[in-house]
Amino acid sequence: MTSGTRELSATAYVVLGMVARLGVTTPYAVKQALRRSIGQHWPVPHAQLYAISGRLQEQGLLEGDQETSGRRRKTYCVTEAGHRALREWLRRPDAEPAEIRGVAWLKLAFSDLADPESLSRLAAEQVEQHRGRIARHGTAAASDHATQLALELDRAALRFWTGLAVRPR
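This one's a predicted model, so the numbers in the text were calculated from it and none came from an experiment. (Residues numbered from 1 in each chain as written. Predicted model: local features only at pLDDT ≥ 70, side-chain atom pairs only at ≥ 80, totals over all residues. Heavy atoms only, no water.)

What to know about the overall build of the protein chain
Selection criterion: Secondary structure is summarised from DSSP: a helix means a run of H or I of at least four residues, a strand means a run of E of at least two, and numbering begins at the N terminus for each. Burial status follows relative accessibility: with a 1.4 Å probe on protein chains alone, a residue under 20% of its type maximum counts as buried, one over 50% as exposed, and anything between as partly exposed. Two residues qualify as a contact provided that any one of their heavy atoms is within 4.5 Å of a heavy atom in the partner residue. Positive charges come from Lys and Arg, negative ones from Asp and Glu, while His and the chain ends are left out of the count. For charged residues, the charge sits on one atom: NZ in Lys, CZ in Arg, CG in Asp, CD in Glu.
Scanning the protein chain from terminus to terminus reveals seven helices and two strands. The linear arrangement of helices and strands in the protein chain, starting from the amino end, is α-α-α-β-β-α-α-α-α. Summarising its shape, the C-alpha atoms of the protein chain cover approximately 60 × 40 × 35 Å along the three principal directions. The buried share of the protein chain, reckoned over its 169 residues, is 33%. Pairs at least 24 residues apart make up 55% of the contacts formed inside the protein chain by residues separated by at least 6 positions. Averaging the positions of the 24 positive and the 18 negative side-chain charges in the protein chain gives two centres separated by 4 Å.

Okay, structure coming up:
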């Protein structure tokens, strides 16, 4: 980390990386880009994007510019210190286990307490969700490693939930 700045959260690095990728941009544009890329695997609430962007500016990692009229949007771009911090973070090894969260996983963990129809409905809903997510990945999977991984996870989940949906009770 650069001198004078504290360690950033993973979500702060998401914001820093998205601003670096987009160039001069707004938190709203970051949210839109997240929705099309890693947002389904690393969701960031809209209000948090504004707060994190402000903190990154205070730390000298982003530079901000406020419109003086109209919608008074604030745009950000990454400073050289921000690029250094991002490159340093990308170089560090990641020892944390992968985290996959979802209410369906929780329901599956307690499915032995549910009636068979509930598990069947859950499996059918998940089949449809994963089919939709696979379709939405579209052509981005060809060039974006994170989307490629998301696509493979969705394909594996689709196989699992499909198998569960057709399994006799």
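Observations concerning the packing of helix α1 (residues 10-22) against helix α4 (residues 80-91)
To keep it simple, the criterion reads: Only the stretch in contact is used when a helix axis is fitted, and all axes are lines through C-alpha atoms; the angle between N-to-C directions ranges over 0 to 180 degrees. What sets the label is the angle itself: under 35 degrees gives roughly parallel, over 145 gives roughly antiparallel, 65 to 115 gives roughly perpendicular, and the rest give oblique. Two helices crossing with the near one rotated counterclockwise from the far one by less than a right angle form a left-handed crossing, whereas a clockwise rotation gives a right-handed crossing. Note that Gly is not counted as nonpolar here; it falls among the polar residues with everything else outside the nonpolar set of Ala, Val, Leu, Ile, Met, Phe, Trp, Tyr, Cys and Pro and the charged set of Asp, Glu, Lys and Arg.
Where α1 contacts α4, the two axes come as close as 10 Å, and the packing angle between them is 120°. With respect to their mutual orientation, α1 and α4 come out oblique. You can see that α1 and α4 cross each other, and the crossing is left-handed. On α4, the residues touching Tyr13, Leu16, Gly17 and Ala20 of α1 are Gly82, His83, Ala85, Leu86 and Trp89. For the contact of α1 with α4, the residue count by class is six nonpolar, three polar and no charged.

Points about the environment of Ala51
Secondary-structure assignment places Ala51 in helix α3 (residues 46-58). Given a relative accessible area of 35%, Ala51 falls into the partly exposed group. Residues Ala51 and Pro27 lie 24 residues apart in sequence; the distance between their C-alpha atoms is 9.4 Å.

Re the pattern of salt bridges
Side chains carrying opposite charge are able to pair once their charged atoms draw close together. Basically, it comes down to this: Here, a salt bridge means any side-chain nitrogen of Lys or Arg that lies within 4 Å of a carboxyl oxygen of Asp or Glu.
Evaluation of the coordinates by the stated rule reveals seven salt bridges. With a closest N to O distance of 2.9 Å, Glu7 and Arg92 form a salt bridge. Of this pair, Glu7 sits in the segment before α1 while Arg92 sits in the loop between α4 and α5 (103-109), placing them 85 residues apart in sequence. Assessed through its relative accessible area of 45%, Glu7 is described here as partly exposed. For Arg92, a relative accessible area of 32% translates into the label partly exposed. Of the charged contacts, one joins Arg87 and Glu80 as a salt bridge, the two residues approaching to 3.2 Å between their closest N and O atoms.

Section: helix α7 (residues 145-166)
The test is simple: The span you would expect from a helix comes to 1.5 Å times its residue count less one. Summarising the geometry, the arc corresponds to the directions from the helix axis toward the C-beta atoms.
Compared with an ideal rise of 1.5 Å per residue, which puts 22 residues at 32 Å, α7 spans 32 Å between its outermost C-alpha atoms and is within 8% of the ideal. Residues Thr147, Ala150, Leu151, Asp154, Ala157, Leu158, Trp161 and Leu164 constitute the buried set of α7. With its buried residues spanning 150° around the axis, α7 presents them on a single face. Among the exposed residues of α7, those oriented more than 90 degrees off its buried face are His145, Leu149, Arg159 and Val166.

Overview of the packing of helix α2 (residues 27-36) against α3
Axis separation between α2 and α3 bottoms out at 9 Å; the angle between their running directions is 125°. Relative to α3, the element α2 is oriented oblique. The two elements α2 and α3 cross, and the hand of that crossing is right-handed. Contacts between α2 and α3 pair Pro27, Tyr28, Val30, Lys31 and Leu34 from the former with His46, Leu49, Tyr50 and Ser53 from the latter. Residue composition of the contact of α2 with α3, by class: six nonpolar, two polar and one charged.

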